[in-house]
Amino acid sequence: MTPLTPTSDSSEEDRVPTHIVGLGASAGGLQPLQEFLSHVPVPSGVAYVVVQHMDPTHKAMLPDLLQRATSMPVREVTASMRVKRDVVYVIPPDTELSVKGGFLRPAKPGEPRGMRLPIDVLFCSLAGDQGARAIGVVLSGMGSDGTLGLQAIKSQGGLTLAQEPHSAQFDSMPKSAVTAGVADVVALPSEMPQRILQVISPQPHALASGQNNGDATADFDSVLELLHARSKHDLTLYKPSTLRRRIERRMAIHRVTTIEEYAALLLANPTELDLLFKEMLIGVTSFFRNPEAWEELSSVALPELFAREGPDKQYRAWVAGCSTGEEAFSLAMVFTEARERLALTGTSTLQIFATDLNADAIASARRGRYPGSITADVSAERLDRFFRTQGDGYLIDPRIRERVLFAQHDLIMDPPFTRLDLLLCRNVLIYFNAALQKRLLPLFHYSLLPGGILMLGGSETVGPVQNLFPTVSSKSRLYRRSQAAPMPRTVDFPTGRRVSARAPAQELPLSPQMSQPANVQALADQFLLQKFSPPAVLVNELGDILYVSAHTGRYLEPAAGKANWNIHVMARPAIRTPLAAALWRAIKERTVVEIRGLRMDDNFTHQLDITVEPIDEPNPLGGMVMVVFREVAAPIAKKSRRRKDVGAVDPAIAAELTRCQEELKALRETMRASDEERQVAIEELQSTNEELQSANEELTTSKEEAQSMNEELQTINAELQSKLDDLALAQSDMQNLLNSTDIATLFLDNDLNVRRFTEQIKRLINLREADIGRPLSDLTTTLNYPELDADAKETLRTLAYSEKEISTSDARWFKVRIMPYRTVANVIQGAVITFVDITVAKQLEARLRNRQEAPR
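If you're wondering where the values come from, they're calculated on a predicted model, not measured in any experiment.

Analysis parameters
Residues numbered from 1 in each chain as written. Predicted model: local features only at pLDDT ≥ 70, side-chain atom pairs only at ≥ 80, totals over all residues. Heavy atoms only, no water. Helix = DSSP H or I, 4+ residues; strand = E, 2+ residues; numbered from the N terminus. Buried < 20%, exposed > 50% of the residue type's maximum accessible area, 1.4 Å probe, protein only. Contact = heavy atoms within 4.5 Å. Areas by Shrake-Rupley, 256 points an atom, 1.4 Å probe, with all protein chains shown as cover. Pairing = 2+ DSSP bridges. Axes fitted to C-alpha atoms, helices over the stretch in contact; angles between N-to-C directions. Arc of directions from axis to C-beta. Salt bridge = Lys/Arg side-chain N within 4 Å of Asp/Glu carboxyl O. Polar contact = N/O pair within 3.5 Å; in protein donor to acceptor, adjacent residues only side chain to side chain. Phe/Tyr/Trp six-rings, centres within 6.5 Å; stacked < 30°, edge-to-face > 60°. Patch = residues over 30% accessible without salt bridge, like charges linked within 9 Å, V, L, I, M, F, W, Y side chains within 5 Å. Core = buried A, V, L, I, M, F, W, Y, C linked by side-chain atoms within 4.5 Å. pLDDT = per-residue confidence, 0-100. Parallel < 35°, antiparallel > 145°, perpendicular 65-115°, else oblique.

Let us now look at the overall build of the protein chain. In terms of helices and strands, the protein chain carries 24 helices and 30 strands. Within the protein chain, the fraction of its 856 residues that count as buried is 46%. Look at the contacts in the protein chain between residues 6 or more apart in sequence, and 66% of them connect residues 24 or more apart. For the protein chain, the accessible surface area stands at approximately 43700 Å², while carbon and sulfur atoms represent 52% of it.

So, in structure tokens, the structure goes:
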């Protein structure tokens, strides 16, 4: 398809809509669509795009039906066209609509019938193209189509609405959106246009204007304090512009004009605090977002990592801000494909820690279930290999799922994961202010092993710490943790405390090496610390880890679930109890406690000594405890020689043992065969179940399409019935008119067969209802007019009317007029013959003539 380019015509620019509203409906959606459009004020400056589930094999009547509900023009999108304000666009059958560059792009569906989600396709493209100017509306319908699309619109700052489920004929679609928490407004279709205009109309918010700047700032800070008190998460280090936009959107939804009023609303309504907090969490994600970056990770960065670390390395990765898990699973798939492409034969594995602040997103990621619309981002080959079909969506394959550990984690407040080979933090830093970005990047440097890979979003860079992260690919935002650059002397570890957003950037300490070249002594000290100092951790009295020196992974490991950097939780089971006792004694007695000769496991070739030392000086470290780990060689154990008893084995016992072994072997073979049969049965059942699910999906889709068509037919039927009633009334009027004129009239078709007649004609021609359809030539009449049939044929041939005065056998006279029968469309469909009784006129004429002829 040739892309259309915007014109520079000023009249076209004037018609660009301020917002684009996507209207999604399915079964039972015709009436709410008509209600919505009938309440839209014109002009509104907004464009409307209607998507409904329709039978792909039948021509839709939806545009005509919607046109009767609105004065705006309604157009069916059969080709690419620019979106203009105050126009309603309707999807045609067997089509998917998307918005790109302000143009509507129709395309053939990428999924087979029964698995299509056209509303999600439109809404997701609308979110990506229009951002905060996108508006999504979900109306009556079956299934959950539209929920994912509303989530995408909401994440971009757009407005989302859903019909009140109890008012919908089919409430599955609106109820799905409401349950998922992605609907900003839940209302009746007739109320929605006004609610939309209230939100998108410019409002004089104190946040946006400079009026009462001091008071507005104080109220803004109070809102953030309320959020922190409710959620326990600090948002003061997010970009103020992002926070203000989100707060203003919630204010517009509640029709509140000042931040002071909104703060009061939050105090009185804790539920709104929860909704506002969810609004602050930006959850934009997709599988293989920015495909070029993933391709470069797979073809450049990972092969270098494999070559450097060897084929048997157990790799560790952290995906920070994973949202609903798409990027974490994308990394697992790319890692698998890269190993196979390079034909690596080792036992290397990948453990991915995926974290996000949003608990709902983490719960969704753990389920590993995604809608059918992911086909736009995931190739068919990857779908077949890494996913399983489940209902109308896909379930991640267990082999990929088991590589990812999801946990709720606050990047600002919670400690990071360490000893990482890969760290993905894509499109997260853009929402933080500069001070927080400068604080997090040294933390990422600490978390990664030398040579580890850092992957950022397309709009993010490492900024002032380029010496810590040499560039692998600037276009794909791939960086490598420097092996030569020393560790920053000061890394600001999260410890659960809040850092004031009002502090200037210079108050967040950075490494001296970032601003000035390191001297030889500093490099030497750093080298000695890294190479020869024992592993150690600094903890507070509660056991929270505040500092980690060297590699402690042999003794400490992150626990499953939410990230928790407490030594009692992270200590390996073999040393957990003695370490806890030593910490308790060292803190209580303020003395050094040593533990010697610990063994981690049977394969641990060394013994472990632990020193726990409380710290009193310097003052900043007062009350803290240093835990040092040292491995020492285990003493060589003396081998005790045991004399083997040698003796003859009883033949009976040997025979019994042999028989038992044979029976056991046979039993094992039987069990193996049973297992194989059971596996075959399970596979057959799974195959049958998938076929039934597929058939059920097709039936559900057919039901929706039939319901939509039924609604259209019911509407058309009602209109036809109304027209029939009008036609019957008109026919009655015509019949009464003809009868009231007392003129005998005969209607003939093109073949001169009787089609209709009036009652008066029975006095001239022998006619009854059964004669309708008989030829004119077969009728008997009292008229002395044998040329009647011939004159009627001549009239049809020449289209010129004929008029004659004809007598009857009973001495009556009639004026016979033959005229062509013309329809409203000026089409000849037979002839009309009228017989006007002129007997009295003829008699009067005869008397006058006789009187004139009488002798004077």
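Another point: the sheet that holds strand 21 (residues 536–539). The strand order across the open sheet formed by five strands is 22-21-25-24-23, and the pairing between neighbours is antiparallel. A single partner strand is all that each edge strand has here, and the edge strands are strand 22 (545–549) and strand 23 (593–598). Neighbour-to-neighbour, the strand axes of this sheet turn through a mean angle of 15 degrees, independent of strand direction. In terms of strand pairing, strand 21 meets strand 22 through four bridges, oriented antiparallel. For Leu538, the partnering residue across the bridge sits in strand 22 and is Tyr547.

Glu272, Leu273, Leu276, Phe277, Glu279 and Met280 are the residues of helix 11 (residues 270–280) that are buried. The buried residues of helix 11 occupy an angular sector of 155 degrees when projected down its axis, which confines them to one face.

Further remarks concern the pattern of salt bridges. Following the criterion strictly, the structure yields 28 salt bridges and no others. Residue Asp94 pairs with Lys108 through a salt bridge whose shortest N-O separation is 3.3 Å. Pair noted here: Asp94 is in the loop between strand 5 (88–90) and strand 6 (96–100) and Lys108 is in the loop between strand 7 (103–107) and helix 4 (118–130), with a separation of 14 residues, a long-range link. Under the relative-accessibility criterion, Lys108 is labelled exposed at 63%. For Glu309, the salt bridge goes to Arg308, with nearest N and O atoms at 3.7 Å. Through salt bridges with shared partners, one network takes in Glu805, Lys842, Glu845 and Arg849.

A few words on the side chain of Gln130. Note on placement: Gln130 falls in helix 4. Separated by 2.6 Å, the side chains of Gln130 and Asp129 make a polar contact.

It is worth spelling out the packing of aromatic side chains at this point. Scanning all chains against the criterion turns up 15 aromatic pairs. Between Phe287 and Tyr370, the aromatic rings sit 4.9 Å apart at their centres with planes inclined by 80 degrees, giving edge-to-face as the arrangement. With Phe287 in the loop between helix 11 and helix 12 (291–309) and Tyr370 in strand 13 (residues 369–371), this residue pair connects regions lying 83 residues apart in the sequence. You can call Phe287 buried: its relative accessible area is 1%. Assessed through its relative accessible area of 3%, Tyr370 is described here as buried.

Another point: a nonpolar patch on the surface. A surface patch of nonpolar side chains, about 280 Å² in accessible area, is lined by Leu664, Leu667 and Met671. Taking relative accessible area as the criterion, Met671 reaches 48% and is therefore assigned partly exposed.

What follows concerns the nonpolar core. Nonpolar side chains in soluble globular proteins generally cluster together in the buried interior. Grouped together as the largest cluster of nonpolar side chains are 62 residues, with contacts concentrated most on Val21, Leu23, Phe36, Tyr48, Leu66, Val137 and Ile196. When residues of this core are assigned to their parent elements, the largest contribution, six residues, is made by strand 2 (residues 46–52). The contact partners of Tyr48, leaving out residues within four places of it in the chain, are Val21, Leu23, Phe36, Val40, Met72, Val87, Val88 and Tyr89. The next biggest cluster of nonpolar side chains, apart from the first, holds 48 residues, and it includes Phe277, Leu448, Leu454 and Val462.

With that settled, consider the sheet that holds strand 3 (residues 74–76). Spatially, 3-5-2-1-8-9-10 is the arrangement adopted by the seven strands of the open sheet, whose pairing is parallel. Two strands lie at the open edges of the sheet, namely strand 3 and strand 10 (185–187), each paired on one side alone. Pairwise comparison of adjacent strand axes, ignoring direction, gives a mean angle of 20 degrees for this sheet. As paired elements, strand 9 (residues 159–163) and strand 10 share three bridges and run parallel to each other. Paired with Leu161 across the bridge in strand 10 is Val185.

Turning our attention to helix 23 (residues 788–798). Burial in helix 23 covers these residues: Leu788, Asp791, Ala792 and Thr795. Around the axis of helix 23, the buried residues are gathered within 100 degrees of arc, so they sit on the same side. Exposed residues pointing more than 90 degrees away from the buried face of helix 23 are listed as Lys793 and Arg797. Tucked inside the fold, the buried residues of helix 23 contact strand 28 (802–807), strand 29 (813–822) and strand 30 (828–837). Among the residues trailing helix 23, Leu799 stands out with phi positive, at a value near 60 degrees.

Relative to the helices and strands, Val827 resides in the loop between strand 29 and strand 30. Ignoring any residue separated from it by four or fewer positions in sequence, one finds Val827 in contact with Tyr821 and Arg822.

This part is about the confidence of the model for the protein chain. Per-residue pLDDT for the protein chain has a mean of 80; in total, 84% of the residues score no lower than 70. Per-element confidence in the protein chain ranges from a low mean pLDDT of 39 for helix 18 (residues 512–515) to a high of 94 for strand 5. For residues 499–518, every residue scores under 50 in pLDDT, and the model assigns this stretch 32 contacts once sequence neighbours within four places are set aside. Under a pLDDT of 50 for its full length, residues 638–647 has, in the predicted model, zero contacts with residues more than four places off or in other chains.

This part covers the environment of Asp86. In this fold, Asp86 is placed in the loop between strand 4 (81–82) and strand 5. Excluding residues that lie within four positions of it along the chain, Asp86 makes contacts with Pro43, Ser44, Gly45, Val46, Ala47, Met72 and Pro73. A distance of 2.8 Å separates the side chain of Asp86 from the backbone nitrogen of Ser44, its partner in a polar contact.

A few words on the packing of helix 10 (residues 259–268) against helix 11. One can describe the packing of helix 10 onto helix 11 by two numbers: an axis separation of 5 Å at closest approach and a directional angle of 115 degrees. Regarding the angle of helix 10 to helix 11, the classification is roughly perpendicular. Packed against helix 10, whose contacting residues are Tyr262, Leu266 and Ala268, the element helix 11 presents Pro270, Glu272, Leu273 and Leu276 at the interface.

Now for unusual backbone geometry. Here the amide bond leading from Val42 into Pro43 is cis, since omega sits at 0 degrees, within 30 degrees of zero. Structurally, the position occupied by Pro43 is in the loop between helix 2 (30–38) and strand 2. In this structure, Arg477 is a non-glycine residue whose phi angle is positive, near 55 degrees. Its location among the elements puts Arg477 in the loop between strand 19 (471–473) and strand 20 (478–480).

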